[in-house]
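Coordinates in review
One-letter residues, chain by chain:
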Amino acid sequence: MSTSADVVTSYLDAFSRGDPDEIAGFVAPGFHNEHLSSIASSCVGIDEYRRRLPNFLETFVDRRYAVLELVEQGTAAHAQVVVRNDFTALYDGMPIDIPGVMWFTVEDGLITKRTDVWDSGIFAAQTATTG
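Residues numbered from 1 in each chain as written. Predicted model: local features only at pLDDT ≥ 70, side-chain atom pairs only at ≥ 80, totals over all residues. Heavy atoms only, no water.

**Some words on the nonpolar core**
Ranked by size, the top nonpolar core spans 28 residues in total, and within it Tyr 11, Leu 12, Phe 15, Ile 23, Tyr 49, Phe 104 and Ile 111 carry the most contacts. Counting residues per element, the ones that place at least two in this core are helix H1 (4-17), helix H2 (20-24), strand S1 (27-35), helix H3 (46-59), strand S3 (60-74), strand S4 (78-91) and strand S5 (94-107). Among the elements that line this core, the one with the most residues is H1, at six residues. In this view, Ile 111 contacts Val 7, Tyr 11, Phe 26, Val 27, Ala 28, Phe 31, Phe 104, Thr 105 and Val 106; residues no more than four positions away in its chain are not counted. (Core = buried A, V, L, I, M, F, W, Y, C linked by side-chain atoms within 4.5 Å. Buried < 20%, exposed > 50% of the residue type's maximum accessible area, 1.4 Å probe, protein only. Helix = DSSP H or I, 4+ residues; strand = E, 2+ residues; numbered from the N terminus. Contact = heavy atoms within 4.5 Å.)

Printed below as a string of structure tokens:
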């Protein structure tokens, strides 16, 4: 990959292909996956992240992160990449469309930290069912 932005966009594109090993291949051993949404949970370490991926991929079918805006700052060895994105998928057969922002730290071509911010209220409203 030529830039940290390339690493991040390739990582996000990998989710649409659904291969947990490919996705985990973009993150460093000490990867910190931080979620700031009230209904999501964070984790630390590539092993725990890799363990969680299959459930995420099965829960959110036909998932895709569309990059709406991207800002990169830093050097080739250490950069920050911020992505405003739109996450679309099927959840329990229902289409969802959740806007969000992710802040990545990329060091030597691997993602060391991802801070994910999205509105869980939008998710709840899109997946609510009436009795």
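Moving on from the model shown.
**Thoughts on unusual backbone geometry**
Backbone geometry places Asp 62, a non-glycine residue, at a positive phi of 55°. Mapping Asp 62 onto the fold places it in strand S3. The class of Asp 62 is exposed, set by a relative accessible area of 59%. If you check the backbone angles, Asp 92 has positive phi at about 50° while not being a glycine. Among the secondary structure elements, Asp 92 is positioned in the loop between S4 and S5. Under the relative-accessibility criterion, Asp 92 is labelled exposed at 66%.

**Some words on the pairing of S4**
Looking at chain direction, S3 and S4 are connected through 12 bridges and run antiparallel. What sits directly across from Leu 70, in S4, is Val 83. Counting the residues that bridge the hairpin from S3 to S4 gives three residues. As paired elements, S4 and S5 share 14 bridges and run antiparallel to each other. Counted as the bridge partner of Val 82 is Trp 103 from S5. (Pairing = 2+ DSSP bridges.)

**Concerning the side chain of His 35**
Structurally, His 35 is set in strand S1. Within the local environment of His 35, its side chain forms a polar contact with the side chain of Asn 33, the two groups lying 3.3 Å apart. (Polar contact = N/O pair within 3.5 Å; in protein donor to acceptor, adjacent residues only side chain to side chain.)

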